[in-house]
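Fold and contact review
Single-letter residue listing:
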Amino acid sequence: VQLQASGGGLVQAGGSLRLSCAASGCTFSNYVMGWFRQAPGKEREFVAAVTWSGGSTYYADSVKGRFTISRDNAKSTVYLQMNSLKPEDTAVYYCAGGLRRVDEYDYWGQGTQVTVSS
């Protein structure tokens, strides 16, 4: 299973970005998909997750109302739409896939840098 994240970049506070994560080498619809992030000097933290068919989504409190996770199983891709970005959202963002639960992941992508300037 390979996960390729893209879409990161530099944006001003209040702006938006959409991250994508394309999966290959797997039956994508079998996987719960999640986004995590890691800021410099901090531990990796959960951002959002979506279940197999997209019927349920979960968010960290810090991003609720600003970020939206979605998936397109026909394209084997999961997205993270990030609006109203804040400098504290600056981090490397990773996508991950799991077979069993939204809190357990088996495969990880390489990460994409998101930098929000004030």
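Here the structure is shown first, and the text comes after it.
Residues numbered from 1 in each chain as written. Predicted model: local features only at pLDDT ≥ 70, side-chain atom pairs only at ≥ 80, totals over all residues. Heavy atoms only, no water.

1. A look at the overall build of the chain
In terms of regular secondary structure, the chain is built from zero helices and 11 strands. Each helix and strand of the chain, placed in order from N terminus to C terminus, yields the pattern β-β-β-β-β-β-β-β-β-β-β. Here the C-alpha radius of gyration of the chain, 13 Å, is about what a compact globule of 118 residues would show, namely 13 Å. Dimensions of the chain, computed from C-alpha atoms along their principal axes, come out at roughly 40 × 25 × 25 Å. Counting every position in the chain, which comprises 118 residues, the buried fraction comes to 43%. For the chain, long-range pairs separated by at least 24 residues make up 54% of all intrachain contacts whose partners lie at least 6 apart in sequence. (Helix = DSSP H or I, 4+ residues; strand = E, 2+ residues; numbered from the N terminus. Rg over C-alpha atoms; globule rule 2.2 N^0.38 Å. Buried < 20%, exposed > 50% of the residue type's maximum accessible area, 1.4 Å probe, protein only. Contact = heavy atoms within 4.5 Å.)

2. Some words on the side chain of Arg 37
Relative to the elements of secondary structure, Arg 37 occurs in strand S4 (residues 32-38). Side chain to side chain, Arg 37 and Glu 45 meet in a polar contact 2.6 Å long. (Polar contact = N/O pair within 3.5 Å; in protein donor to acceptor, adjacent residues only side chain to side chain.)

3. What about the packing of aromatic side chains?
Counting across every chain of the model gives five aromatic pairs. Residues Phe 36 and Tyr 105 carry aromatic rings whose centres are separated by 5.2 Å and whose planes lie at 85 degrees to one another, so their mutual orientation is edge-to-face. On the criterion of sequence distance, the pair formed by Phe 36 in strand S4 and Tyr 105 in the loop between strand S9 (91-98) and strand S10 (107-108) is long-range, its members being 69 residues apart. Note on accessibility: Phe 36 and Tyr 105 belong to one class, buried. Taken together, Phe 36, Phe 46, Tyr 105 and Trp 108 form an aromatic cluster joined through their ring pairs. In this structure, Arg 44 packs its charged tip against the face of Phe 36, placed 5.9 Å from the ring centre. In this structure, Arg 44 packs its charged tip against the face of Trp 108, placed 3.8 Å from the ring centre. (Phe/Tyr/Trp six-rings, centres within 6.5 Å; stacked < 30°, edge-to-face > 60°. Lys NZ or Arg CZ within 6 Å of the ring centre and 35° of its normal.)

4. Comments concerning the environment of Val 47
Looking at the secondary structure, you find Val 47 in strand S5 (residues 45-50). With a relative accessible area of 1%, Val 47 lands in the buried category. Ignoring any residue separated from it by four or fewer positions in sequence, one finds Val 47 in contact with Trp 35, Phe 36, Arg 37, Tyr 58, Tyr 59, Ala 60, Val 63, Phe 67, Leu 80 and Tyr 93.

5. Observations regarding the pairing of strand S11 (residues 112-117)
Side chains Thr 112, Val 114 and Val 116 of S11 all project onto a buried face; the interleaved residues Gln 113, Thr 115 and Ser 117 project onto a face where none is buried. In terms of strand pairing, strand S2 (residues 9-12) meets S11 through four bridges, oriented parallel. Bridge pairing links Val 11 to Val 116 in S11. Relative to S11, S9 is paired through three bridges, and the arrangement is antiparallel. (Pairing = 2+ DSSP bridges.)

6. Notes on the state of the cysteines
Per the counting criterion, the structure on display carries one disulfide. What pairs with Cys 21 in a disulfide is Cys 95, and their sulfur atoms sit 2.0 Å apart. An S-S torsion of about 60 degrees defines the bridge between Cys 21 and Cys 95 as right-handed. Residue Cys 21 is found in strand S3 (residues 17-24), and its partner Cys 95 is found in strand S9; the two are separated by 74 residues along the sequence. Assigned by exposure class, Cys 21 and Cys 95 land together as buried. Its sulfur unpaired, Cys 26 is 9.4 Å from the next cysteine sulfur, which belongs to Cys 21. (Disulfide = S-S within 2.5 Å.)

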